[in-house]
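# Observations on the model geometry
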Amino acid sequence: MQASTTQGGVFTGAFPAVRHRRLRRTEGMRRLVRQAVPRPAQLVLPMFAVEGSGVRQPVDALPGVARLSPDLLVEEARAAHAQGIGGVLLFGVTDGKDAEASSAHAPDGVVQQAVRALEDALPDLVVITDVCLCAYTDHGHCGLLDDHGQVANDPSLEVLARTAVSHADAGADVVAPSDMMDGRVAAIRAALDDAGHEDVAIMSYSAKYASAFYGPFREAAGSAPGHGDRRGYQMDPPNAREAVREVLADEAEGADMVMVKPAATYLDVIRDVRQATRLPVAAYHVSGEYSMVKAAAERGWLDERRAMLETLTAIVRAGADIVITYAAVDAARWIREDDQ
Ligand code: PBG
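Described in the following lines is the structure provided in the data block. (Residues numbered from 1 in each chain as written. Predicted model: local features only at pLDDT ≥ 70, side-chain atom pairs only at ≥ 80, totals over all residues. Heavy atoms only, no water.)

### As for the site of the ligand
Selection rule: Working definition: residue near molecule or strand if any one of its non-hydrogen atoms lies within 4 Å of it. Whenever a nitrogen or oxygen atom comes within 3.5 Å of another N or O atom, the pair is scored as a polar contact, on the condition that within protein one atom can donate a hydrogen and the other can accept it, and that pairs from neighbouring residues in sequence are kept only if both atoms are in side chains. Areas reported as accessible are Shrake-Rupley estimates using a 1.4 Å probe. Residue values count occlusion only from the protein chains shown. Amino acids outside the nonpolar list (Ala, Val, Leu, Ile, Met, Phe, Trp, Tyr, Cys, Pro) and the charged list (Asp, Glu, Lys, Arg) are all regarded as polar, and Gly is one of them.
Around the ligand sit 18 residues, and of these Lys208, Arg218, Lys261, Ser287 and Tyr326 come closest. One nitrogen or oxygen atom from the side chain of Asp130 is found 3.5 Å from a nitrogen atom belonging to the ligand. In this structure, an oxygen atom belonging to the ligand sits 2.7 Å away from a side-chain N or O atom of Ser287. Coverage of the ligand by the protein amounts to 100% of the 400 Å² it exposes when considered alone. Among the residues forming the shell around the ligand, the class breakdown is 10 nonpolar, 3 polar and 5 charged.

Take a look at the structure:
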């Protein structure tokens, strides 16, 4: 019997000389040849900031996640940092909404306060801020509306840029625009540089799809649109090639990192983007992707630890350098315990 063959210059073996199970027999062998293992330092924890002190509001649809006032947010971030995670991504939640999203860029706005508290208490922690208008507009859309109730691209850029600068003024290390307006990376880069924030990086939500999996987040952030949906600016789920166009455009506009969102249901897009750019690629394991594992685990239908780690492993294997996940703290601990 032929023991091995060469196909197209690649050595391929044949049974019985080749037995794949040899490298799977013991944990020691598996550990030796293991490829994509998530590292705690590449995990980013999203956090929700509210006004006040001593405030902790658990989010029903996101088990394990709470909206926190700056004092408690600092304590949770401290614990997360101690687990070795790579950074936090901050969202603001406020009742102070209007048509122009003025509270998005208020110097004493909720995110700005939280960033200041974090920078004071944990100067080594990487603080990323989400830049969007949906949590600050009374209509809940990610940009300003024109007279016909449509989201107006160009007038929104100035407000987004001003918001990013206010986050940088407060001490953010990275700003992450998630609005999906065209041209916002260039507008934000120019505004940051004008304000002397040349060193503040931009992580662009480049390929952000109009996804059903954002449902639990909208409960957490109080950011569901009052009318219509986000399909006029977020990407259409069937389109993968368009993700590469978005990424290359953001790279040309000055993005330092690009993102694919959601992650677990868009692994092909992560792979395409990984191959199209040399920038770090982030992937956002979004609220619905997290909560469905938590919900199934609560019912005893899935093993939470294994299902969550397998999901994060798949995202890293697809090519993500950074994974944003509500499971970051647990995952960092599990990864260290497993010592892979
Ligand atoms: C803001 C924003 C959203 C998410 C991140 N930034 C919601 C949306 O676009 O409706 C979703 C995050 C998640 O589901 O975990 N535009």
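Right, picking up where we left off after that structure.
### Details of the state of the cysteines
For clarity, the cut-off: Disulfide: a pair of cysteine sulfur atoms within 2.5 Å of each other. Note on classification: 1.4 Å probe, protein chains only; a residue is buried when its accessible area is under 20% of the maximum for its type, exposed when over 50%, partly exposed between these limits.
Under the definition given, this model contains 0 disulfides. The cysteine Cys142 is free of any disulfide, with Cys132 supplying the nearest cysteine sulfur at 3.6 Å. For Cys142, a relative accessible area of 1% translates into the label buried.

### Regarding the pairing of strand β11 (residues 201-208)
Selection criterion: Helix and strand assignments follow DSSP, with helices taken as H or I runs no shorter than four residues and strands as E runs no shorter than two, numbered in order from the N terminus. Pairing between strands requires that DSSP locate at least two bridges from one strand to the other. Throughout, right-handed denotes a crossover for which the path from the first strand over the helix to the second runs clockwise when the strands point away from the viewer.
Counting buried residues along β11, 8 of its 8 residues qualify, which places the element largely inside the surrounding structure. The pairing of strand β10 (residues 174-177) with β11 spans 2 bridges and is classified as parallel. Its bridge partner lying in β11, Val175 is registered against Ile202. Regarding topology, helix α5 (residues 184-194) serves as the crossover connection from β10 to the parallel β11, and that connection is right-handed. Where β11 meets strand β12 (residues 257-261), 4 bridges bridge the pair, whose relative direction is parallel. Across the sheet, Lys208 pairs through a bridge with Lys261, a residue of β12.

### Details of the side chain of Thr325
This is how the line gets drawn: Here, residues are in contact when the closest pair of their heavy atoms is within 4.5 Å.
Relative to the helices and strands, Thr325 resides in strand β14 (residues 322-325). For Thr325, a relative accessible area of 0% translates into the label buried. With sequence-adjacent residues up to four places away left out, Thr325 is seen in contact with Leu43, Val44, Leu45, Pro46, His285 and Leu312.

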